[in-house]
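# Coordinate analysis (summary)
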Amino acid sequence: MSSYPRLAALTQGFTLGRPRSFVVGDGRVLFLRSRGGEDPVTCLWVLDDDGERLVCDPLLLDGADDELPPEERARRERARERAGGITAYAADRSLTVAAFALAGRLGLAHVDGAATMLPAGGAVSDPRPSPDGTRLGYVTGGHLVVTDLAGRVRTEVRGPVGTTCGLADFIASEELGRFRGWWWSPDSTRVLAAVVDESPVQVWHIADPAHPERPAAEQRYPAAGTANARVTLVLADVDGHVEPVTGWDTDAFPYLVSVSWTNDGPALLQVSARDQRRMQILALDGPVATLVREDRSDTFLDVVAGVPMWLPDGRLLHTDETGTVRRLAVDGTPVTPDDVHVAAVRGIDPDGDVAFIGTTADDPTSRHVYAWEGSDTPRLTDEAGVYDIVTGGDTQVGFAASMEHAGVATEVWRRGETTSVWSHAATPPFVPAVRFVADGDVHVAIVLPTGHVAGTKLPVLLDPYGGPHHSENLRARGGWLEPQWLADQGFAVVVADGPGTPGRNLLWEKEIRGDLATPALTGQVEALRVAAAAQPDLDLSRVGIRGWSFGGYLAALAVLRRPDVFHAAVAGAPVTEWRLYDTAYTERYLGTDPDGADAAAYDRSSLLPLAAGLERPLLLIHGLADDNVVAAHTLRLSAALLAHGKPHDVLPLTGATHMGGGASERENLLLLQVAWLRQHLG
């Protein structure tokens, strides 16, 4: 049998073969799934009255991924997409046709017929059928094209010379959750498209030192305090008549956060000020945007998926942050309980009932599905776990993950019947044993080696992410496979989500405003204290910490600032100097003026001024092709450490992006980290 690191790499964390990317209509469900647990080629499937069947196998269409166009590579990197084949698609309202891109080629599947490749005149990204299923739109050559379903009659929508039309800019897709750059009108007669001018953005060069014969790749990277891309909108008829959208103050509110265009009202735009303390919701009357409402915060306003949205009766659904939790609101009035923290909105049924994901402070390790039904807000999921839902017409798809079973259970409810969508994912070779402990606001998970004998002291390994927008300490078994394997190598693994992470309340999430370092690190120190009180076999004289991205930043911070607590750290792809990270993320927490009014916040959060104090072993790992947290972060910290004569280890990953390398690289990287930690923790 293969080792766990090998299995995890080959199965992409036991996610290959799992159904995902559901699109739901009346009585019909489309989804993506590969044929097996080690098969990276994702196919398109349908579940309807005839049962479950394959709609399109990309291998039959010669859908190789070896020559992806730059736009598709960028989309996959922003979406953290590792699989191949059909990795994204869009369907018409009745789910009769679905469009997708394969290696830059335009694909169209008739759900009840055949799939084919259509002529497009260039590399294609983001193809989408019109809601009525009669037309097809896609982006190629940096502009939007609208055609008939045969791909013959073409209408082009372009912005000014030097701009793109129909693509999401870097900040939108990396930090705002908006991967789209164009939208159909509900009646299929018009399109709304983002026009992006990247010329103000500074050019960075990402080289491949392993191949000095190749020129460095140029990338427009908007680092904190520098210029962003300029984003505007145009409204176009399918016959090609184009009008610029007016009424949106792009100077005061430069970020286009989201667009919603449904049958229940005019198109809604959500736009944000650069400091993200003000957001506006605008409605389009033709090409003219008018203000619907404005929200303000003394700290920052977070983006919430699924809102704003019109209710069927014409009222506006949005979120409210005037209390201690984020609540749903209708036309300015909060309507959900003040003990449920809204994470995302998943759908609105024809009666106006709203399905949403929420959390509570008493159990931040679970994510539950709720329904706002006008006068009541019942919780639809009971047991502790992580739940989600997709809705459409009379059909719903529910997802359940818990500590009781492997993977994610997927069920479809339609017309009074329940059907399971089967997963082809590989079965993990063991069942993790996790102990969840709570002490006030501190929630900690502890994983011990299988067969651990009480009284045997164990070195401790903290394994956090610890930053905004992501939680590690969740009651879903699939997330605990790697921690259990790490524990079985001889460690007591401790996982906790500290201040700044989602799932508690607004005060918890916003405690990091002005200081990304202190609250996050204090949270890990407190977690270690709680874990040691609950499990006396933790040896606090041998404490390691490892992490990736924000977790890598937190790991390096731990040994630099608190060597009295942490004795070794593995920092993967760490942000070491926040002035080098992108605008929207960094400025949300530290301010828009890194070298002026906000300099103190950036200095407090930087690792570089701490270099002289390194007393503990530190391993820095970084992909040299990372275009998100560029390798300069690790190189600058290494240079600062060297300048102070501080020994440390650096592992460069040739050709690897922020997602890391291929299967063999991911396997060996995990083994190497364990060997390094064993060496330095004894």
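Here the structure is a predicted model, which is why all the values come from computation and not from measurement. (Residues numbered from 1 in each chain as written. Predicted model: local features only at pLDDT ≥ 70, side-chain atom pairs only at ≥ 80, totals over all residues. Heavy atoms only, no water.)

Pairing is antiparallel in the open sheet, where 4 strands are placed in the order S25-S26-S27-S28. Both outer strands of the open sheet, strand S25 (309-310) and strand S28 (333-334), are each paired with one neighbouring strand and no more. Taken together, the 2 bridges between S25 and strand S26 (residues 316-320) define a ladder with antiparallel strand orientation. Bridge pairing links Met309 to Leu317 in S26. (Pairing = 2+ DSSP bridges. Helix = DSSP H or I, 4+ residues; strand = E, 2+ residues; numbered from the N terminus.)

Along the chain, Val444 falls in strand S37 (residues 442-447). The spatial distance from the C-alpha of Val444 to the C-alpha of Leu192 is 46 Å, given a sequence separation of 252 residues. Residue contacts for Val444: discarding those within four places in its chain leaves Arg435, Phe436, Val437, Asn473, Val494, Val495, Ala496, Ala527, Val530 and Ala531. (Contact = heavy atoms within 4.5 Å.)

Enumeration according to the criterion identifies 19 aromatic pairs in this entry. The side chain of Arg504 reaches across the aromatic face of Trp508, ending 4.0 Å from its centre. Cation over ring: Lys510 sits above Phe300, and NZ or CZ is 5.2 Å from the ring centre. (Phe/Tyr/Trp six-rings, centres within 6.5 Å; stacked < 30°, edge-to-face > 60°. Lys NZ or Arg CZ within 6 Å of the ring centre and 35° of its normal.)

Another point: the environment of Ala425. Relative to the elements of secondary structure, Ala425 occurs in the loop between strand S35 (417-421) and strand S36 (434-439). Remark: the alpha-carbon pair of Ala425 and Asp388, spanning 37 residues in sequence, is separated by 19 Å. Setting aside residues up to four positions removed in sequence, Ala425 forms contacts with Phe14, Leu16, Gly17, Arg18 and Gly37.

All right, on to the sheet that holds strand S31 (residues 368-372) then. What the 3 strands build is an open sheet, ordered S29-S30-S31; its pairing is antiparallel. Two strands bound the open sheet, and with one partner strand each, they are strand S29 (341-348) and S31. For this sheet, the mean angle separating the axes of adjacent strands, direction not counted, is 30°. (Axes fitted to C-alpha atoms, helices over the stretch in contact; angles between N-to-C directions.)

Under the counting rule described, the total for this entry stands at 36 salt bridges. One salt bridge in this structure joins Arg546 and Asp463, with 3.0 Å as the shortest N-O distance. Of this pair, Arg546 sits in strand S40 (residues 538-548) while Asp463 sits in the loop between strand S38 (458-462) and helix H4 (481-488), placing them 83 residues apart in sequence. Across the pair, exposure class does not vary: Arg546 and Asp463 are buried alike. One salt bridge in this structure joins Glu482 and Arg546, with 2.4 Å as the shortest N-O distance. Taken together, the residues span a long stretch of sequence, with Glu482 in helix H4 and Arg546 in strand S40 at a distance of 64 residues. The buried category is assigned to Arg546, whose relative accessible area is 8%. Here the salt bridges share partners, and the residues they tie into one network are Asp302, Glu321, Arg326, Glu509 and Lys510. (Salt bridge = Lys/Arg side-chain N within 4 Å of Asp/Glu carboxyl O. Buried < 20%, exposed > 50% of the residue type's maximum accessible area, 1.4 Å probe, protein only.)

Attention shifts here to the pairing of strand S9 (residues 115-118). With 4 bridges joining them, strand S8 (residues 105-110) and S9 adopt antiparallel strand pairing. Each residue of the ladder has a partner; that of Ala109, found in S9, is Ala115. Hairpin geometry of S8 and S9 is characterised by an intervening segment of 4 residues between the two adjacent antiparallel strands.

Counting buried residues in strand S33 (residues 395-401) gives 5 out of 7 residues, a clear majority hidden from the surface. Two elements, strand S32 (residues 386-392) and S33, share 7 bridges in a ladder whose sense is antiparallel. Counted as the bridge partner of Val386 is Ala401 from S33. Taking the residues that link successive antiparallel strands as the turn, the S32-S33 hairpin has 2 residues, and the phi of Gly393 there is positive, at about 60°. Strand direction decides the pairing type here: S33 and strand S34 (residues 409-414), joined by 6 bridges, are antiparallel. Among the inter-strand pairings, Gln396 is bridged to a residue of S34, identified as Trp413.

Right, let's get into the side chain of Asp197. Its location among the elements puts Asp197 in strand S16 (residues 190-197). In terms of polar contacts, Asp197 uses its side chain to reach the side chain of Ser199, at 2.7 Å. Polar contacts involving the side chain of Asp197 include one to the side chain of Arg230, which spans 2.7 Å. (Polar contact = N/O pair within 3.5 Å; in protein donor to acceptor, adjacent residues only side chain to side chain.)

Let us look at helix H2 (residues 70-78). Those residues of H2 not exposed but buried are Glu72, Arg76, Glu77 and Arg78. Contact partners of the buried residues in H2: strand S5 (84-85) and helix H3 (170-175). Immediately beyond the C-terminal end of H2, within one or two residues, lies Arg80, with a positive phi of roughly 55°.

Attention now goes to the packing of H4 against helix H11 (residues 663-681). As a packed pair, H4 and H11 sit with axes 11 Å apart at the nearest point and diverge in direction by 40°. It follows from the interaxial angle that H4 and H11 lie oblique. The handedness of the crossing between H4 and H11 is right-handed. Contacts between H4 and H11 involve Glu482, Trp485 and Leu486 from the former and Leu670, Leu671 and Val674 from the latter. Classifying every residue of the contact of H4 with H11 gives 5 nonpolar, no polar and 1 charged. (Parallel < 35°, antiparallel > 145°, perpendicular 65-115°, else oblique. Left-handed = near helix turned anticlockwise from the far one by under 90°. Nonpolar A, V, L, I, M, F, W, Y, C, P; charged D, E, K, R; others polar.)

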